[in-house]
Amino acid sequence: MMIETETVLDRRRLRRHVSFWRIAAIVLALLAVGGMVMSSEAVQSLAEKDYIARVSITGTVSEDRKQLDLLDKIAEDDKAVALIVFVNTPGGAATGGEAIYGALRKIADKKPVVGQFGTVAASAGYIVGLGTDYIVSRGNTITGSIGVIAQWPEFAGILEKVGVKVNEVRSGELKAMPSPFLPLDEKGRVATQEMVDDSFLWFLNLVKDRRGIDTATVPGLEKGRIFTGRQALEYKLVDAIGGDDEVRTWLKEKHKIDKDLKVVDKKPESDSKLGFLGASHASLREIAAEIVSGATDALAGSNASNALRLDGLVSVWHPSEN
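Everything numeric in this text was worked out from a predicted model, so none of it was measured. (Residues numbered from 1 in each chain as written. Predicted model: local features only at pLDDT ≥ 70, side-chain atom pairs only at ≥ 80, totals over all residues. Heavy atoms only, no water.)

A.B. asks: Provide a residue-level description of the packing of helix 2 (residues 65–76) against helix 3 (residues 94–108), including the pertinent values.
C.D. replies: Where helix 2 meets helix 3, the axes come as close as 9 Å, and the angle between the chain directions of the two elements is 10°. Classed by the angle they form, the pair helix 2 and helix 3 counts as roughly parallel. Taken together, the residues of helix 3 that come into contact with helix 2 (itself represented by Leu68, Leu71, Ile74 and Ala75) are Ala99, Ile100, Ala103, Leu104 and Ile107. Its residues assigned to classes, the contact of helix 2 with helix 3 comprises nine nonpolar, no polar and no charged. (Axes fitted to C-alpha atoms, helices over the stretch in contact; angles between N-to-C directions. Helix = DSSP H or I, 4+ residues; strand = E, 2+ residues; numbered from the N terminus. Parallel < 35°, antiparallel > 145°, perpendicular 65-115°, else oblique. Contact = heavy atoms within 4.5 Å. Nonpolar A, V, L, I, M, F, W, Y, C, P; charged D, E, K, R; others polar.)

Okay, structure coming up:
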């Protein structure tokens, strides 16, 4: 019996020793892998070369947190020696243009920032362009549309016809004005106009300061006119006509940046709820909403769908559908 007991105890001690060395081996392996990864990252960091970053501002301009975070990272990236901002948007929220403008000026404190206009760069899209140091436009780019709009639907007449009345108790006569449920009275119109005028004045002064022009001398500019790229060049709203070559030429001649330096497109992280990993965390309602949103964009056009979701003052241009 004594021999069997000792045998059992020996086996237990052996198991403990084996378990210890197994754990030790795993820990050592993890440390080794971690060291290799860190070493690889360090070598890669040392091996990284300078490059030119490029971001695209397309679709409806909004105060996108991920987009702004990306611009902040580019500002802090010493390997990014310059930034190209490709703009192809009819505009969007005035605050969105303001936010991107501010982020671009922070980058410009550290490295050159050049704008490249695509098919359209109007309204808030032009505000984005003003955040760059130099603007290259296509000859047929639609740009300009300096101005701000406050828009809202009014359902008062329809509600009255169908016998629906919206009751409200407000803390003041201008609270929640303008309202889609009430006709706009004179006091509400004056208050709204003053708000639009203030935002417009900010936009106009931005054009004066950044472009160094007297906006009153540019035909129709203060009335929201749009221009082709060639007209914009004539009135000094842009600096050159062209594309990639003209952008690279300016970087070379003005900042001695090699024309053959690699251009790296930078994009904000995707937050789609339909992604492989994100789908498991999204509710069915959120997924359905995204599908409906996508279908709406496809049927009505993405700009039309996004415009309906814009809040606040809007700086956007779009052609008449009539």
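A.B. asks: Outline helix 8 (residues 244–255), supporting the account with residue identities and numerical values.
C.D. replies: Within an α-helix, residues lying three or four positions from one another point in the same direction, as the helix has 3.6 residues per turn. Helix length check: helix 8 (12 residues) gives 16 Å between terminal C-alpha atoms against 16 Å at 1.5 Å per residue, within 8%. For helix 8, the set of buried residues is Val247, Arg248, Trp250 and Leu251. Mapping the buried residues of helix 8 onto a view down its axis gives an arc of 155°, with all of them on the same face. For helix 8, exposure combined with an orientation more than 90 degrees from the buried face picks out Asp245 and Glu253. Looking at the buried residues of helix 8, the elements they touch are strand 1 (51–61), strand 2 (80–93), strand 3 (113–122), strand 4 (134–137) and strand 8 (263–265). One or two residues past the end of helix 8 sits Lys256, with phi positive at roughly 60°. (Expected span 1.5 Å × (residues − 1). Buried < 20%, exposed > 50% of the residue type's maximum accessible area, 1.4 Å probe, protein only. Arc of directions from axis to C-beta.)

A.B. asks: Which residues make up the confidence of the model for the protein chain, and what values go with them?
C.D. replies: Averaged over every residue, the pLDDT of the protein chain is 81; the share at 70 or more is 70%. For the stretch residues 39–47, pLDDT sits under 50, and the model shows one contact to residues farther than four places along the chain or on other chains. When the criterion is pLDDT under 50, residues 273–309 qualifies, and its contacts beyond four places in sequence or with other chains add up to 22 contacts. (pLDDT = per-residue confidence, 0-100.)

A.B. asks: Outline the nonpolar core, listing residues and values.
C.D. replies: Grouped together as the largest cluster of nonpolar side chains are 42 residues, with contacts concentrated most on Leu71, Leu83, Val85 and Leu104. Mapped onto this core, the elements with two or more residues apiece are strand 1, helix 2, strand 2, helix 3, strand 3, helix 4 (124–130) and helix 6 (186–211). In terms of residue count, the dominant contributor to this core is helix 3 (seven residues). Beyond its immediate chain neighbours, meaning those up to four positions away, Leu104 contacts Leu71, Leu83, Val85, Val113, Val128, Gly131 and Thr132. (Core = buried A, V, L, I, M, F, W, Y, C linked by side-chain atoms within 4.5 Å.)

A.B. asks: Account for helix 2, naming residues and giving values.
C.D. replies: Look at helix 2: 17 Å from first C-alpha to last across 12 residues, which is about the 16 Å you get at 1.5 Å a residue. Listed as buried for helix 2 are Gln67, Leu68, Leu70, Leu71, Ile74 and Ala75. Taken around the axis of helix 2, the buried residues stretch over an arc of 155°, which confines them to a single face. Across helix 2 from its buried face, at more than 90 degrees, point the exposed residues Arg65, Lys73 and Glu76. On the buried face of helix 2, the contacting elements are strand 1, strand 2 and helix 3. Between the side-chain oxygen at the start of helix 2 and the backbone nitrogen of Lys66 there is a gap of 3.0 Å, and the oxygen is on Asp64. (Polar contact = N/O pair within 3.5 Å; in protein donor to acceptor, adjacent residues only side chain to side chain.)

A.B. asks: Provide a residue-level description of the pairing of strand 3, including the pertinent values.
C.D. replies: Judged by how many residues are buried, strand 3 sits mostly within the fold: nine of 10 residues are covered. Alignment of strand 2 against strand 3, held across six bridges, turns out to be parallel. Looking at the pairing, Leu83 lines up with Val113 of strand 3. Across three bridges, the pairing between strand 3 and strand 4 is parallel. Paired with Gly115 across the two strands is Ile135, which belongs to strand 4. In this sheet, strand 5 (residues 142–144) lies alongside strand 3 in parallel orientation, the contact comprising three bridges. Looking at strand 5, one finds that Val120 is bridged to Ile142. (Pairing = 2+ DSSP bridges.)

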